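Residue strings, one per chain:
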Amino acid sequence: MSPLNKKSIASKITNLHHLRQLHAQLVLHSQHYHNHWVALLLTQCTRLLAPSNYAWHIFHFATYPNVHVFTCMLKYYSQIGATTEVVSLFKHMQYYDIKPDTSFYPVLIKSAGKASMLLHAHLLKLGHSHDHHVRNAIMGMHTKYGHIELARKQFDEMPERTVADWNVIISGYWKCGNEEEASRLFHMMGESEKNVITWTTMVTGHAKMRNLKTARMYFDKMPERSVVSWNAMLSGYTQSGAAQETVRLFNDMLSSGNEPDETTWVTVLSSCSSLGDPCLAESIVRKLDKMNFRSNYFVKTALLDMHAKCGNLEVAQKIFHQLGVYKNSVAWNAMISAYARVGDLSLARDLFNKMPERNTVSWNSMIAGYAQNGESLKAIKLFKEMIFSKDSKPDEVTMVSVFSACGHLGRLGLGNWAVSILSENHIKLSISGYNSLIFMYLRCGSMEDATIIFQEMETRDLISYNTLISGLAAHGHGTESIKLMSKMKEDGIEPDRITYIGVLTACSHAGLLEEGRKVFESIKVPDVDHYACMIDMLGRVGKVEEAMKLIQSMPMEPHAGIYGSLLNATSIHKRVELGELAAAKLFKVEPHNSANYVLLSNIYALAGRWKDVDKVRDKMRKQGVKKTTARSWLSVAKF
């Protein structure tokens, strides 16, 4: 068969099924062991990311593999990151006494992992180290494994430097976090020497260091951009959580006429997933369809994740089934999380049980699903299974869900057991992890343990303070909550609306009216919930008329909670007229809330106005309002 025919056949292979059909035809005609056909099949395996056992099977059918076949197999292993197999392949090549030319060695060096360090001496012996491609690959190897000083020595000793050499050394300094030297070398280069890779290296470096403004400055100054340049800037935005910027830049990319590739689509779809906007997701899918882009399984997995997070489970499930043998852990985990998010825990668990291989994210998705849907005992039980499993170890994300479950169960002993798992598995908590631990201790009723954790934190954020303040409020520690808010300001953290609600609630529970009033007056623009706290505070100390005046002065419409606080205060302090007024407002806002009718009825009963009690009961019957039966919760489940 002529080379033209082979090229024509190769262009028609678009998926693994086509490749297997071609392979079957070659076997049928006894052509499958010829080197030129083996090389073509391996090239397609690399392009389609075929399973490694299938590629190995094709390679071993070559009776006398030549250098071209070995090179194709090397590129396949390089593509899938199989470093051990690369070393074995090179030994196999030496066994056949095949001596490749210098073009083979750069690929070998880049693919052999840390074993490539041993190849340096071998190449010196063969005299290939003077070839500029091999030399560049060796320098890249040094930078990859953190030997920047060896790479720099080699760079400084070069009689002539190509742009590829400059690019490798600049990239090397970025890898070891030396922004200053990377930038200095970039500016040492003449403008005419820099190519698109040089500029892209600077964009990538700054983006990974979260210097997005500087990364964007280099991106905007680029004389020309490749799809890799666009991807570097898009990835920078996505990894920093700037999803809206990712979408805007992607639209700019399309307007500029640049064609997105698989990496572009995966990056953009990932940003859309984080936004969870169904309309945006739909517009991105339309663009994908309009461009007739042939999605590989990476793109399909990203699509699945986006649809799942946007609540379009039907489409997500369809893609999940289409992936077939290409379902990876990301696809499985996305579906588990999606079902758990909508509360369908049985389907989520069914998928979890069917997974061929689980990772930590799989366990985390299912444990979080139980914890977030009120199935705390099931979350703890599954966590125990995870600890005893051999496939995964818990991480901080796991522990946040477990702390939440322990907190909702209110079991301090269980919470302390969960904390012991941290040291056993060498898990270090971030600020959010410590915040969840504080929340757990508060829910378990241990203000002391929550305070100890808070004091042990090296760095605290707004949530840290708000969580502890809410705990102080629940325990009626008004003075302590005010002091904590002062410390918060000293630490340079400005209180938000939640902070003020917590402090006002603490003052209300502690009966600290004057202190609470000062806090309320310090709020620049108090909202309706701040007014509700203040009215509750006034009502608790019997200042019912002042509470009424405050309601009348409000710049916004009071909600049911405000009139509820007033009604409760009139009940405690036997202020029938104001109670009637508050109840009348509540009957309009919450006509079917039986608690309001019962409270007014109790006010009348305490005042001995039995006819009015009967009127309230008649009104309940006419409105179809039924008194809610009181319930007592008793935990009998055993852990």
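Per an unreviewed UniProt entry, the protein chain is named Pentatricopeptide repeat-containing protein, and its organism is Mucuna pruriens.

A. Structural view of the overall build of the protein chain. When its secondary structure is counted, the protein chain shows 38 helices and zero strands. Compactness check: the protein chain gives a C-alpha radius of gyration of 34 Å against a globular reference of 26 Å for 639 residues, more than 25% above the reference. Principal axes of the C-alpha set define a box for the protein chain whose edges measure 110 × 60 × 50 Å. Taking as baseline every contact in the protein chain between residues at least 6 positions apart, the subset at least 24 positions apart corresponds to 58%. Accessible surface computed for the protein chain: about 33,400 Å², of which carbon and sulfur atoms make up 53%. Side chains of the protein chain carry 72 positive and 60 negative charges; the gap between the two charge centres is 6 Å.

B. Molecular detail of the pattern of salt bridges. Summed over all chains, the structure comprises 23 salt bridges. With a shortest N-O distance of 2.8 Å, Glu-191 and Lys-194 are connected by a salt bridge. Given the relative accessible area of 56%, Glu-191 is considered exposed. A salt bridge links Arg-540 to Asp-536; its shortest N-O distance comes to 2.9 Å. In this pair, Arg-540 and Asp-536 are both assigned in helix 33 (residues 528–540), four residues apart and thus about one turn of the helix distant. On the accessibility criterion, Asp-536 (19% relative accessible area) is buried. Among the ionic contacts, a cluster of salt bridges with common partners joins Arg-152, Asp-156, Glu-181 and Arg-184.

C. Representation of helix 18 (residues 278–290). Under the 1.5 Å per step criterion, the end-to-end length of helix 18 is 18 Å for 13 residues, consistent within 8% with the ideal 18 Å. The set of residues buried in helix 18 consists of Leu-280, Ala-281, Ser-283, Ile-284, Val-285 and Leu-288. Those residues of helix 18 that are buried lie in contact with helix 16 (243–255), helix 17 (262–275) and helix 19 (297–309). One side-chain oxygen at the N-terminal end of helix 18 lies 3.0 Å from the backbone nitrogen of Cys-279; it belongs to Asp-277. Taken from the residues just after helix 18, Asn-292 is the one with a positive phi, measuring 50 degrees.

D. A look at the packing of helix 3 (residues 35–48) against helix 5 (residues 67–80). Two elements in contact, helix 3 and helix 5, have axes separated by 9 Å at closest approach and are oriented at 10 degrees. It follows that helix 3 is roughly parallel to helix 5 by the angle criterion. Touching Asn-35, Val-38, Ala-39, Leu-42, Thr-43, Cys-45 and Thr-46 of helix 3 are His-68, Val-69, Cys-72, Met-73, Lys-75, Tyr-76 and Gln-79, all from helix 5. A breakdown of the residues in the contact of helix 3 with helix 5 according to their chemical character gives eight nonpolar, five polar and one charged.

E. Highlighting the packing of aromatic side chains. Applying the stated rule across the entire model yields 16 aromatic pairs. Both rings, one in Phe-155 and one in Trp-166, keep their centres 5.1 Å apart while their planes meet at 80 degrees; by these two values the pair is edge-to-face. Of this pair, Phe-155 sits in helix 10 (residues 148–156) while Trp-166 is found in helix 11 (residues 163–175), placing the two residues eleven residues apart along the sequence. Summarising the burial analysis for this pair, Phe-155 and Trp-166 share the class buried. Every member of this aromatic cluster is reached through a ring pair, and the members are Phe-186, Trp-199 and Tyr-218. The residue whose ring lies beneath Arg-225 is Trp-230, and the NZ or CZ to ring-centre distance is 5.4 Å.

F. Region of the structure containing the domain arrangement of the protein chain. Entries for the protein chain in the domain assignment read domain 1 (210–327), domain 2 (344–459) and domain 3 (555–627). Each of domain 1 and domain 3 has a C-alpha centre, and the two are 55 Å apart.

Conventions adopted
- Residues numbered from 1 in each chain as written.
- Predicted model: local features only at pLDDT ≥ 70, side-chain atom pairs only at ≥ 80, totals over all residues.
- Heavy atoms only, no water.
- Helix = DSSP H or I, 4+ residues; strand = E, 2+ residues; numbered from the N terminus.
- Rg over C-alpha atoms; globule rule 2.2 N^0.38 Å.
- Contact = heavy atoms within 4.5 Å.
- Areas by Shrake-Rupley, 256 points an atom, 1.4 Å probe, with all protein chains shown as cover.
- Lys, Arg positive; Asp, Glu negative; His and termini not counted.
- Charge placed at Lys NZ, Arg CZ, Asp CG, Glu CD.
- Salt bridge = Lys/Arg side-chain N within 4 Å of Asp/Glu carboxyl O.
- Buried < 20%, exposed > 50% of the residue type's maximum accessible area, 1.4 Å probe, protein only.
- Expected span 1.5 Å × (residues − 1).
- Polar contact = N/O pair within 3.5 Å; in protein donor to acceptor, adjacent residues only side chain to side chain.
- Axes fitted to C-alpha atoms, helices over the stretch in contact; angles between N-to-C directions.
- Parallel < 35°, antiparallel > 145°, perpendicular 65-115°, else oblique.
- Nonpolar A, V, L, I, M, F, W, Y, C, P; charged D, E, K, R; others polar.
- Phe/Tyr/Trp six-rings, centres within 6.5 Å; stacked < 30°, edge-to-face > 60°.
- Lys NZ or Arg CZ within 6 Å of the ring centre and 35° of its normal.
- Domains from an automatic or database assignment.

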